[in-house]
Amino acid sequence: MSRIRLTVPTIKYKDKALQFKKEFLDNNENVINGSELLDKTDSYEEWLQSVINNADIKMVNPEWVLTDTFFAVDDNDEIVGIIDLRHELNEFLQDFGNSGYSVRPSKRRQGYATEMLRLIKEVAKSVGLDSLQLSVERSNEPSVKTIKKNGGVYERNFEFEGKIADVYKIKL
């Protein structure tokens, strides 16, 4: 695994972000967790504006919470993943938690998710959070391992769309 860093999405990443999204769709994956609906938005510019607005307390969509979204990029400035940090949990997010993330299919099982979560823990501390709550479908063993490697402790489970998901807490 090459070194990665978290970077705020900008217009300069448009082509790389669209390639990132296409890789998921080509892999028959229609959901990109942690992407602030990149998977559901046709226009990169509209998506980017939404990401910018939701990171600003004065502009955040009233149906959302203050959220920082980052691309995880490698030494070649290629997008290997995406991760978000929700500063608080509204009623909808009570089960889902403070962070979602995805690693592009061609870059999985190389340690990127573990490093992305480690880096988002630093961001969470810097904005004053003392813990992170994450949820994961029980059947997603790689993500369960990632959360546990970052100090995740099982708290409870819930059912979503007919599947059992587990909630973990990471103390910061």
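Since this is a predicted model, take the numbers as computed values, not measurements.

**Thoughts on the sheet that holds strand β6 (residues 153–160)**
Taken in spatial order, the 3 strands line up as β5-β7-β6 in an open sheet, and their pairing is antiparallel. Pairing within the sheet leaves two strands with one partner each, and these edge strands are β5 (131–137) and β6. Mean inter-strand twist for the sheet, computed between neighbouring axes without regard to direction, equals 25°. Against the sheet, helix α3 (residues 112–126) contacts β5 and β7 (163–171), and its axis sits at roughly 145° relative to β5. Against the sheet, helix α4 (residues 141–149) contacts β5 and β7, and its axis sits at roughly 165° relative to β5.

**Side note on the pairing of β5**
Working note: regular strand, side chains alternate between the two faces of the sheet. With respect to burial, β5 is a largely interior element, 5 of its 7 residues being buried. Of the strand pairs in this sheet, β5 and β7 are connected by 7 bridges, and their pairing is antiparallel. For L134, the partnering residue across the bridge sits in β7 and is Y168.

**Re the nonpolar core**
If you look at the biggest cluster of nonpolar residues, it comprises 24 residues, and the most contacted ones within it are Y101, L117, I120, L132 and I147. Listing elements by their share of this core, those giving two or more residues are β2 (67–74), β3 (79–86), β4 (99–103), α3, β5, α4 and β7. Take this core: its biggest share by element is 8 residues, from α3. Residues in contact with Y101, not counting those within four places in the same chain, are N33, G34, I82, I83, A113, M116, L117, L134, S143, T146 and I147. Judged by nonpolar contacts, the second largest core, of 14 residues, contains F24, I32, L48 and I82.

**Structural notes on the sheet that holds β4**
Here 4 strands make up an open sheet; going across it, the order is β1-β2-β3-β4 and the pairing antiparallel. Strands with a single pairing partner mark the edges of an open sheet, and in this sheet they are β1 (4–7) and β4. When the angles between neighbouring strand axes are averaged without regard to direction, this sheet yields 20°. Where β2 lies against β3, 7 bridges are found, and the strand directions are antiparallel. Across the sheet, residue D68 finds its bridge partner in β3, namely L85. Together, β2, β3 and β4 form the strand contacts of helix α1 (residues 14–26), whose direction differs from that of β3 by roughly 95°. Set on the sheet, helix α2 (residues 44–54) makes contact with β2 and β3; between it and β2 the angle comes to about 120°.

Criteria and cut-off values
- Residues numbered from 1 in each chain as written.
- Predicted model: local features only at pLDDT ≥ 70, side-chain atom pairs only at ≥ 80, totals over all residues.
- Heavy atoms only, no water.
- Pairing = 2+ DSSP bridges.
- Helix = DSSP H or I, 4+ residues; strand = E, 2+ residues; numbered from the N terminus.
- Axes fitted to C-alpha atoms, helices over the stretch in contact; angles between N-to-C directions.
- Contact = heavy atoms within 4.5 Å.
- Buried < 20%, exposed > 50% of the residue type's maximum accessible area, 1.4 Å probe, protein only.
- Core = buried A, V, L, I, M, F, W, Y, C linked by side-chain atoms within 4.5 Å.

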